[in-house]
Amino acid sequence: MEQNTVLHAQNVRKSFGTRGNVQEVLRGIDLRVLKGEFVGIMGPSGAGKTTLLNVLATIDRTTEGSILIGNADISRMKDRELSAFRRDKLGFIFQDYNLLDTLTVKENILLPVSLGKMHKRVAEDHFKSIADILGIKELANKYPHEISGGQKQRTSAARALINKPSLVFADEPTGALDSKSASSLLGTLEDVNKQRGVTIMMVTHDPVASSYCSRVVFLKDGKIYSELYRGDKTRQAFFQEILKVQGVLGGDSVDTL
Amino acid sequence: MTLFDLVIRSMRKNIKHYYLYFFALIFSVVLYFVFATLQHDPAVVQQSGGTMGTAFKVAGILLLFIAGTFVVYANAIFLKRRSREIGLYQLIGLTKGAVARLLILENTLLSAGAMAIGIGAGMIVSRLFLLLLMKLVGFDGFIELTFSKTAVLQTIIVFIAIILLTSLQMLVAVRRTTLLGLFNAEKQGEHPKKPKAVRSAFLALLGIGLIAFGYWLSGRMMNVFLFINMLVVLATTITGTYLLFRVTISWLFYQLRKRKQGHLGLNGSLSIATLMHRMKGNANSLTIITVLSAMTLAMLAGSYSLYYSTERETRSIYPHDFMFGGYGDAQEEKETKQFTEELDRQGISYLYTPIEVMNLDGQFFEEATMTKWLPQMFSVNLVNEKQLQQAGIDIEIPDGRTAYFYDASVYWLMKTTEVPFSVKLTNPEKELDVSITKVKEGNILNPPFAGTQLVVDDEFYQEIKEQFINEEEAHRMGTFFSVMISDKDQQAEASEIYQDFTKENDRLNFHYYGQYVSTMQYTGLLIFIAGFLGLVFLISTGSILYFKQMTEADQEKRSYATLRQLGFTVQDIMRGIVRKQVFVFGVPLVIGLLHSIFAIKAASFLFMSDITVPASIAMAIYVLIYLIFALLTVGYYRKTVKAAL
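Here the structure is a predicted model, which is why all the values come from computation and not from measurement.

## Details of the overall build of chain B
Scanning chain B from N- to C-terminus turns up 20 helices and eight strands. Against the 2.2 N^0.38 benchmark of 26 Å for 645 residues, chain B shows a C-alpha radius of gyration of 32 Å, more extended than a compact globule. The dimensions of chain B, computed from C-alpha atoms along their principal axes, are 105 × 60 × 40 Å. The buried share of chain B, taken over its 645 residues, is 40%. Partitioning the contacts of chain B with sequence separation of at least 6, the portion at a separation of at least 24 is 84%.

Pasting the structure below:
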């Protein structure tokens, strides 16, 4: 395995339902994510985006195939090991933030390192630098109900980054935000990706959001349909390319409905 | 689909939320029915001459009050839980009236079901309860339980009233809510505010201070202001308890959390943070639960202690099985003979001992004695230790020239008096100071002769007799005749003979066994009622805490899902939740226990014997049942956390 591969999925299949009524949502996906990439996953509704993310993020199990994150084969791990793995190696950003209402911004952010492997002073330093980058230092002692959606998502992002994960999964992170907060958040994620070298995998249906990525993977009917690399293109140009592919994809899905 | 179908479906779907409520409801019905049955049971009425019936009536009203409050409270919790469902019905076009009808129909079916099952079960178990009651009051004849229509009717009427009440509650709830509000009701919860530094700190400390003051005062109530003191103790502890839950605990949590500076940790996030979030809403119910727990515990421990120590206490007041006697004439000796001859005829073996008693005037004169409370002058019965030994009473022998003080009627006052102290023995001509080295519990002669008794050794007795008694004073000498039954099992028989005998001779009826039986009846009834009220109360408060926690668990399901996605295992999360439950169940219990311990301590002057053992047993049982509810709650949380991801 190459040194700089963060995630390597081979022939990943996932079916739901019982015998006689099986629905295959993922039909053999091969995907390799390199360190420092910012990968967007797009596709029409029902293409299996969220299922793929759940499977890759160890929240759900595959029916078939193997997934390596770093050097660990997560498809062979036990539940308890998976939990520990998620806590230590992965970060999550959710569409509806999933902050705990009863905790302040700072307490929410520090939650993933709360089982004590990290020294308190180190955690404090991490918190300061991350809160600085995400611009939420002033909010540390506020409760989620006191801050805006954009600020909540930044808090959620900070929580995903606090344990220096090797891979961050984002599920429609801009889905609940207005366009200004969304682009501001995506800009920050791009910065984090470029400056700190954090690998990010983001599921989205918004072409604007995916234009911030370095690569966009299109899913259709549980398979990879195509891939686009941004390379040196401007965001605008990349956006246009994405739109083209999405037009083809989206048209099909409308027909099949 | 008719409304009725809808009701059946929703009930079937909601059964897992209901079953505990349903059981609690059935349980209330069963107990109420049992009480109603016993209240009207001819055997009970006859056995007690009506007093038991009245006791059950009062207890029934109290039970009704507890059950009613519980049902209304539980109903309110369920209404809130189901607000989304109610909102959904309205959203799909049901009118408010139809929704109310649906809920009321459901409630009626549920309650009627509980009532039917409860009465049925009540009929089966009421016989068991009657047997238990009769055993407790020491009656062992044949008991036949009659089916009481009045009891059934009474139960039905009462629970129909409760159904009407809850229906009204639902009607009001449905009418007053808006669609939007209904959908949000489950999310509502207050957000912790930063407490105002000075005011909160003051109130927080005041809460602790008030409780401490109440405890302190409870140990010093015995003076002329007894009644006012009692009210002050009640007021300060209850206010203190409320402040404790409303301010002190939040304040302490806030300080603790502030010091963590955001590094709260998973356990803290799941315990302190969520508790702080809901403390304001929970303060009232926790206060009520704590105060009522304390009252129930005190009642239970008190009545159990009374029951537990009946035999000992009666024996210490009536050390002899039977006693005849008087001063001067010899009439009693003849009567005693009649009685013992009758015993002989019936084949009851006994020990007969005449005990000589010298009656003198006594006087307290030292500062430390209870002269403030007791008249300075009193009548003393001087008894020779040797004769008491002969009568089969096991006593401690005082040292030469000193005496032991016995008087059951003032023991509760005298037991704190410092020994040794002196009393002056007088007759019109002589006086003698005698040193009292011990105040002993109970009597050494039976009432009504007992009075204040001083026990001295043989040598000292003869000396005093020589000094005080001459021909003029011969009327001060008396003889009491002690009759002790050798075989314990023949006590009842002997008692009957004695009662016939006293009736014939027109004498007062005072004897150990008779007193024992009537005390047993009284305390047995007390423990029966206290026990069942306590049980009902325990089950209602336990269920209410359980329901509240169930609701909280459902509200926090999303948090658990997030935590598990972040990589915390079920075990990690449960550790925090268990901490929270230790607090939710433990704090009201511990404070309630503390309150009740001080209450029992304050009331301990009522008891002659040490009540640590029975009070501890009663409390241990209470704690055990409470623990079951805590375990049920933790189980529900575990299920919720497991299902969250």
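## Here we look at the overall build of chain A
Counting its secondary structure elements, chain A contains eight helices and ten strands. For 257 residues, the compact-globule estimate of 2.2 N^0.38 gives 18 Å, and the C-alpha radius of gyration of chain A, at 18 Å, lies within 12% of that figure. For chain A, the spread of C-alpha atoms along the three principal axes comes to 50 × 45 × 35 Å. For chain A, buried positions account for 45% of its 257 residues. Put simply, of all contacts in chain A between residues at least 6 apart along the chain, 70% involve residues at least 24 apart.

## A word on the interface of chain A and chain B
Listed by partner, the interface residues are 24 residues for chain A and 19 residues for chain B. Top element by residues in the side of chain A that touches chain B is helix α2 (residues 79–89) of chain A. It accounts for five residues. Taken together, the residues of the side of chain A that touches chain B sort by class into twelve nonpolar, six polar and six charged.

## Here we look at the nonpolar core
Core analysis: the biggest nonpolar cluster contains 184 residues, and Ile41 of chain A together with Val29 of chain B have the highest contact counts within it. In terms of residues, this core owes the most to one element, helix α10 (residues 265–308) of chain B, which gives 18 residues. When residues of this core are assigned to domains, at least three fall in each of domain 1 (1–188) and domain 2 (192–318 + 511–645) of chain B. Non-local contacts of Val29 of chain B, meaning those with residues more than four positions away in its chain, are made with Ala114, Met115, Gly118, Ile119, Gly122, Thr155 and Phe159 of chain B. Of all hydrophobic cores here, the second largest spans 41 residues; its members include Leu360, Val434, Ile444 and Ile485 of chain B.

## Quick look at the domain arrangement of chain B
Accessible area lost on assembly of the parts is the figure often given for the size of an interface. Residues and elements named next belong to chain B. As assigned here, chain B comprises domain 1 (1–188), domain 2 (192–318 + 511–645) and domain 3 (322–490). Using C-alpha coordinates to define each centre, domain 1 is positioned 26 Å away from domain 2. Counting from both sides, the interface comprises 23 residues of domain 1 and, opposite them, 21 residues of domain 2. Only α1 (3–40), α3 (51–81) and α5 (96–136) provide two or more residues apiece to the side of domain 1 that touches domain 2. No other element matches the twelve residues that α3 contributes to the side of domain 1 that touches domain 2. Of the residues that constitute the side of domain 1 that touches domain 2, the class distribution is 18 nonpolar, three polar and two charged.

## What to know about the environment of Val172 of chain B
You can see Val172 of chain B is positioned in helix α6 (residues 149–176). Separated by 469 residues in the primary sequence, Val172 of chain B and Val641 of chain B have C-alpha atoms spaced 34 Å apart.

## As for the sheet that holds strand β9 (residues 215–220) of chain A
All names here are of chain A. One open sheet accounts for six strands, arranged β6-β7-β8-β3-β9-β10; its pairing is mixed. Each having just a single partner strand, β6 (90–93) and β10 (223–229) make up the two edges of the open sheet. The sheet shows a mean angle of 20° between the axes of neighbouring strands, direction not considered.

## Section: unusual backbone geometry
Unusually for a residue other than glycine, Thr58 of chain A sits at a positive phi of about 70°. The topology assignment puts Thr58 of chain A in the loop between α1 (49–56) and β4 (64–69). Judged by C-beta crowding, with 24 C-beta atoms within 10 Å, Thr58 of chain A ranks as buried. In the Ramachandran plot, Arg401 of chain B falls in the positive-phi region, its phi being about 65° despite a non-glycine side chain. Inspection of the secondary structure puts Arg401 of chain B in the loop between α13 (385–390) and β4 (402–406). Judged by the 13 C-beta atoms lying within 10 Å of it, Arg401 of chain B falls in the partly exposed class.

## A look at the packing of helix α4 (residues 83–91) of chain B against α5 of chain B
Residue and element names in this part refer to chain B. Axis separation between α4 and α5 bottoms out at 9 Å; the angle between their running directions is 140°. Accordingly, the angle class assigned to the pair α4 and α5 is oblique. The crossing of α4 and α5 is right-handed. Contact residues: Ile86, Tyr89 and Gln90 in α4; Lys96, Val99 and Leu102 in α5.

## Some points on the confidence of the model for chain A
For chain A, per-residue confidence averages 87 on the pLDDT scale, and 95% of positions sit at 70 or higher. Contacts for the low-pLDDT stretch residues 252–257 of chain A, under 50 throughout, to residues beyond four places or in other chains number one contact.

## Concerning the sheet that holds β4 of chain A
Residue and element names in this part refer to chain A. With respect to topology, four strands assemble into an open sheet ordered β2-β1-β4-β5, the strand pairing being antiparallel. The two strands at the open ends of the sheet, each matched to only one other strand, are β2 (23–34) and β5 (72–73). One ladder, built from nine bridges, connects strand β1 (residues 5–16) with β2; its direction is antiparallel. If you follow Phe16 over to β2, its bridge partner there is Gln23.

## Description of the pairing of strand β3 (residues 377–384) of chain B
Residues and elements named next belong to chain B. Sheet topology note: the strand β2 (residues 350–364)/β3 ladder contains seven bridges and is antiparallel. Among the inter-strand pairings, Val357 is bridged to a residue of β3, identified as Val383. Here β3 pairs with strand β7 (residues 452–456) via five bridges, running parallel. By the bridge assignment for β7, Leu382 is matched with Leu454.

## Side note on the pairing of strand β3 (residues 38–42) of chain A
All names here are of chain A. Extensive coverage of β3 is indicated by the burial of five of its five residues. Taking every second residue as pointing to the same face, both faces of β3 are buried, with Phe38, Gly40 and Met42 on one and Val39 and Ile41 on the other. Judged from the four bridges that link them, β3 and strand β8 (residues 200–203) form a sheet pairing that is parallel. Following the sheet pairing, Phe38 is matched in β8 by Ile200. Sheet topology places β3 next to β9; four bridges connect them, and they run parallel. In the strand pairing of β9, Ile41 is matched with Val217.

Parameters and conventions
- Residues numbered from 1 in each chain as written.
- Chains lettered and ligands numbered in written order.
- Predicted model: local features only at pLDDT ≥ 70, side-chain atom pairs only at ≥ 80, totals over all residues.
- Helix = DSSP H or I, 4+ residues; strand = E, 2+ residues; numbered from the N terminus.
- Rg over C-alpha atoms; globule rule 2.2 N^0.38 Å.
- Buried ≥ 20, exposed ≤ 12 C-beta atoms within 10 Å, placed from the backbone.
- Contact = placed C-beta atoms within 7 Å.
- Nonpolar A, V, L, I, M, F, W, Y, C, P; charged D, E, K, R; others polar.
- Core = buried A, V, L, I, M, F, W, Y, C linked by C-beta atoms within 7 Å.
- Domains from an automatic or database assignment.
- Pairing = 2+ DSSP bridges.
- Axes fitted to C-alpha atoms, helices over the stretch in contact; angles between N-to-C directions.
- Parallel < 35°, antiparallel > 145°, perpendicular 65-115°, else oblique.
- Left-handed = near helix turned anticlockwise from the far one by under 90°.
- pLDDT = per-residue confidence, 0-100.

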